[in-house]
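# Observations on the model geometry
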Amino acid sequence: MRKNLFDDILKLKKEKNAIILAHLYQPAEIQAIADYIGDSYYLSKIARDCEEELIIFCGVKFMGESAKILSPEKTVILPSASAGCPMADMATASDLEEMIKEYPDAFKVCYINSSYEVKALCDVSVTSSSALAILKNVPNKQILFLPDRNLGSYIAEFFPDKEFIFWQGFCPTHERITTEDVLKAKEKHPTVKVLTHPECNKEVRDLSDYIGSTSGIIDYATKCEDDEFIICTEEGILYELEKRNPNKKFYFPEKILCPNMKKTSLENVYDALCGKIDEVILDDEISKKALTSLENMHKLGEMVLCEK
Ligand code: 13P
Ligand code: SF4
């Protein structure tokens, strides 16, 4: 790494009047240099409301797309242009069109981890921290939920009167955490609470004391008086967990890393600020349709903490 890269980025950021946003799964040095760190819901709101005209979004493709759709007049750059989300890629707009023909009356709900072409076909987008609140405000009985079958089935548990149709997508990173891993961690630390992201499968969720988004997990661990926790999600979350709780201990049953989230580097953040990386460019027509689904997310969503 070039010496003083950190300082050069800060200097250039000021000169360009840019803002750096980082998801909680980003590498520690990226979170350290960011102006705002958070979950998908929080970052989407910052991107929409910030005054800066240049947004360096340290995350994956669907996050950059959502920021651009919410602020079409701003320049949005994803420092690692090749950082996608395999779960988002599991749902294509053409497959969804076919499914909509099968369920014409269903209310179409997509996880924000989806392409903007998919969002354009949906009634509302949700995040893991906003999905429960949003679904409470949806009167329709039949819900088509995509692409994450795990977040979908978790949310459905709260709405026994609704009929959910699930897409069979999943996060390959979170699916790597198994019940065996969690049981082993519990055996080693029998009195310690398990905090889990809803992208984990049901068997893992059922072994958990708390289920929530990345920021939900951090808030829970910070407010709770316990001083040790078992954490079932991507390891990048440790940076903020330790920053807020220097005296607490966090155990990961399985060290899971999202390879796409780890593609951001200080070098490519610097290059993004220098204008060496292409900005996010989207189709206008599709963006306008996707905007409705993202605006509905902000309208209907409120931060909720859901304890099991
Ligand atoms: P949240 O930060 O919204 O919990 O999402 C997790 C995730 O997988 C983002 O890709
Ligand atoms: Fe996609 Fe999973 Fe990575 Fe999130 S952690 S970006 S859902 S692959």
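Residues numbered from 1 in each chain as written. Chains lettered and ligands numbered in written order. Predicted model: local features only at pLDDT ≥ 70, side-chain atom pairs only at ≥ 80, totals over all residues. Heavy atoms only, no water.

What follows concerns the overall build of the protein. Scanning the protein from N- to C-terminus turns up 15 helices and twelve strands. Over its C-alpha atoms the protein spans a radius of gyration of 19 Å, differing by no more than 12% from the 19 Å that the globule rule assigns to 308 residues. If one aligns the C-alpha atoms of the protein with their principal axes, the spans along those axes are about 55 × 50 × 25 Å. Across the 308 residues in the protein, those meeting the buried criterion constitute 58%. Sequence-distant contacts, at least 24 apart, represent 64% of the contacts inside the protein between residues at least 6 apart. For the protein, the exposed area adds up to about 13500 Å²; of that, 49% sits on carbon and sulfur atoms. Counting 38 positive and 52 negative side-chain charges, the protein places the averaged centre of each group 3 Å from the other. (Helix = DSSP H or I, 4+ residues; strand = E, 2+ residues; numbered from the N terminus. Rg over C-alpha atoms; globule rule 2.2 N^0.38 Å. Buried < 20%, exposed > 50% of the residue type's maximum accessible area, 1.4 Å probe, protein only. Contact = heavy atoms within 4.5 Å. Areas by Shrake-Rupley, 256 points an atom, 1.4 Å probe, with all protein chains shown as cover. Lys, Arg positive; Asp, Glu negative; His and termini not counted. Charge placed at Lys NZ, Arg CZ, Asp CG, Glu CD.)

Close contacts around ligand 1 come from 14 residues, with His23, Ser40, His197, Glu199 and Thr214 the closest. Within the side chain of His197, an N or O atom sits 2.7 Å from an oxygen atom of ligand 1. Interatomic distance of 2.7 Å between a side-chain N/O atom of Thr214 and an oxygen atom of ligand 1. Protein chains shield 96% of the accessible area of ligand 1, which is 300 Å² for the free molecule. Across the shell around ligand 1, the residue classes tally to five nonpolar, seven polar and two charged. (Near = heavy atom within 4 Å. Polar contact = N/O pair within 3.5 Å; in protein donor to acceptor, adjacent residues only side chain to side chain. Nonpolar A, V, L, I, M, F, W, Y, C, P; charged D, E, K, R; others polar.)

Moving on, we come to the pattern of salt bridges. According to the stated counting rule, one finds 17 salt bridges in the structure shown. A salt bridge links Lys202 to Glu157, with the nearest nitrogen and oxygen atoms 3.4 Å apart. Here Lys202 is found in helix α11 (residues 202–205), whereas its partner Glu157 is found in the loop between α9 (149–156) and β8 (163–166), with 45 residues between them in sequence. Between Arg244 and Glu240 there is a salt bridge, with the nearest N and O atoms lying 3.0 Å from each other. Note that Arg244 and Glu240 are positioned in helix α13 (residues 238–244) at a spacing of four residues, about one turn of the helix. (Salt bridge = Lys/Arg side-chain N within 4 Å of Asp/Glu carboxyl O.)

An order of β10-β9-β11-β12 is seen for the four strands of this open sheet, with the pairing classed as parallel. Of all the strands in the sheet, the pair left with one neighbour each is β10 (210–211) and β12 (249–251). Summarising the sheet, strand β9 (residues 193–196) and β10 pair through two bridges and their orientation is parallel. Following the sheet pairing, Thr196 is matched in β10 by Ile211. Along the sheet, helix α12 (residues 214–223) contacts β9, β10, β11 (228–232) and β12; its crossing angle with β9, the most-contacted strand, is approximately 155°. (Pairing = 2+ DSSP bridges. Axes fitted to C-alpha atoms, helices over the stretch in contact; angles between N-to-C directions.)

A few words now on the pairing of β11. Within a regular beta strand, the side chains point alternately toward one face of the sheet and then the other, so they alternate between its two faces. When you tally the buried positions in β11, you get four out of five residues, the bulk of the element. Sheet topology places β9 next to β11; four bridges connect them, and they run parallel. When the bridges of β11 are listed, Leu195 appears paired with Ile231. As paired elements, β11 and β12 share three bridges and run parallel to each other. Looking at the pairing, Glu228 lines up with Lys249 of β12. The parallel pair β11 and β12 is bridged by α13, and the resulting crossover is right-handed. (Right-handed = clockwise from strand over helix to strand, strands pointing away.)

Spatially, β2-β1-β3-β4 is the arrangement adopted by the four strands of the open sheet, whose pairing is parallel. Edge positions in the open sheet fall to β2 (36–38) and β4 (75–77), since each of these has one partner strand only. Put simply, the sheet's adjacent strands are angled 20° from each other on average, direction ignored. Relative to β4, strand β3 (residues 54–58) is paired through three bridges, and the arrangement is parallel. Residue pairing for β4: Ile56 is matched across the bridge by Ile77.

Two numbers describe how helix α4 (residues 61–70) lies on helix α15 (residues 284–300): the axes approach to 9 Å, and their chain directions differ by 95°. Relative to α15, the element α4 is oriented roughly perpendicular. Residue-level inspection shows Ser66, Ile69 and Leu70 of α4 in contact with α15, the latter providing Ser287, Ala290, Leu291, Leu294 and His298. Residues belonging to the contact of α4 with α15 are distributed by class as follows: five nonpolar, three polar and no charged. (Parallel < 35°, antiparallel > 145°, perpendicular 65-115°, else oblique.)

The next point concerns the site of ligand 2. The immediate surroundings of ligand 2 are formed by Tyr25, Val60, Cys85, Pro86, Met87, Asn113, Cys171, Glu199, Cys258 and Met261. Considered class by class, the residues forming the shell around ligand 2 number eight nonpolar, one polar and one charged.

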